[in-house]
Amino acid sequence: MEEHNHQKKIASINDISGFGRCSITVAMPIVSYMKIQLCPVPTSIFSNHTAYEHYYFDDYTDRLYSYIENWKKLSLKFQGIMSGYLGSAKQIDIVKDFIRDFSDKDVVIVVDPVMGDNGKTYIKFTDDICERMKLLAASASILTPNITEACILTGHKYKEAGWKLNELKEIAYTLNQLGPEKVVITGIKQGSCIANYVSVKGFEPKVFKTKKIERAYSGTGDVFASIIAADAVNGVDFFDSVKKASRFVKKCIQRSVELDIPKEDGVCFEELLHTLKIK
Ligand code: PXL
């Protein structure tokens, strides 16, 4: 039988949104640019993501078992597995099964526990889905929640701003204790800056700050997680990777503001992809 594992690959279990730059339409170009083949496991197909007033969506959950079965028959091996938007408890279980069936200790597992932003859950995210996301988070080697999602996962009360370092330390510690060796909490508002809090088991936590830009775009978490996943597979140091991903996201937001792109349309990373360092 032919061998299909001559190049590094990441399996991305996420939705396909045709418009609004998020999920697989973001992960695919970024991870490919970083010299890794991205293999999508599409959980649903959306005309555009759910932050728009209307959207069409086709749930792919029931077809995923046959889809994944064929990857087993091809004996595909992945160096990375990443998950993003999962709109039902069943999809979360499918990701857990995928991790069980396709990973060993060398496989990087990046879980972006997409559930909400700005203190609110996205439409469709019930308490049951959030509870199951906690179980999935436990399987991650790298977890990339925003501060809203970090609060949901730990039961901490959300606040807009005014986060103290010891509060963040406690939240990050709780997330590390769930399982993931590496945690980065994104989008923490601190005065005129946005901070990312990075916690790696056995190391002192670090905080990275970038200047806040007064427009919050959809899909920035997907850009961030894609760079983190590709870097991890490429062997880049986690702290360096967080710095690089935060700076890239900031530049994308700046360019999107210059082009007056509506915030739901996501950031125009295409304009800047050539500036992203691969290693
Ligand atoms: O970027 C997160 C995301 C991904 N996919 C879909 C979404 C959202 C956030 O709203 O609706 C379909």
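All chains use their own residue numbering, which begins from 1 and follows the written sequence. Per-residue local features of the predicted model are confined to residues with pLDDT of at least 70, and side-chain atom pairs are confined, for both listing and counting, to 80 or more; whole-chain, interface and lining totals are unaffected and use all residues. The side-chain figures draw on all heavy atoms in the structure; neither hydrogens nor water molecules are used.

(A) Layout of the pattern of salt bridges. In the sections that follow, a salt bridge refers to a side-chain nitrogen of Lys or Arg positioned within 4 Å of a carboxyl oxygen of Asp or Glu. Overall, the coordinates contain 19 salt bridges when judged by the stated rule. Of the charged contacts, one joins K90 and D62 as a salt bridge, the two residues approaching to 3.1 Å between their closest N and O atoms. Taken together, the residues span a long stretch of sequence, with K90 in helix α3 (residues 89-102) and D62 in the loop between β3 (57-59) and α2 (64-73) at a distance of 28 residues. Between K263 and E264 there is a salt bridge, with its nearest N and O atoms 3.2 Å apart. Each residue's exposure class comes from its accessible area (1.4 Å probe, protein chains only) as a fraction of the maximum for that residue type: buried when under 20%, exposed when over 50%, partly exposed otherwise. We classify E264 as partly exposed; its relative accessible area is 23%. Connected via shared salt-bridge partners are E69, K72, D97, R100 and D101. Numbering of helices and strands runs from the N terminus; a helix is a DSSP stretch of H or I covering at least four residues, while a strand is a stretch of E covering at least two.

(B) Examining the packing of aromatic side chains more closely. Think of it this way: a Phe, Tyr or Trp ring, Trp meaning its six-membered ring, pairs with another when their centres are within 6.5 Å, and the plane angle makes it stacked under 30 degrees, edge-to-face over 60, tilted otherwise. Scanning all chains against the criterion turns up 14 aromatic pairs. Here W71 and F98 contribute two aromatic rings whose centre-to-centre distance is 6.2 Å and whose plane-to-plane angle is 70 degrees, an arrangement assigned as edge-to-face. Taken together, the positions of W71 in helix α2 and F98 in helix α3 put the pair 27 residues apart, joining distant regions of the chain. Relative accessible area serves as the criterion here: at 1%, F98 is assigned to the buried category. Relative to F102, the ring of F98 has its centre 4.3 Å away and its plane inclined at 20 degrees; by these criteria the two rings are stacked. Of the two residues, F98 and F102 both sit in helix α3, 4 residues apart, roughly one turn of that helix. In this structure, F98 and F102 share a single accessibility class: buried. Members of the aromatic cluster, joined through ring pairs, are F46, Y55, F57, Y85, Y122 and F125. Placement of a positive charge over a ring is assigned whenever Lys NZ or Arg CZ falls within 6 Å of the ring centre and within 35 degrees of the normal to the ring plane. Looking at K9, its charged tip hangs above the ring of F78, at a distance of 5.8 Å from the centre. The ring of W163 carries the charged tip of K159 above its face, separated from the ring centre by 5.2 Å.

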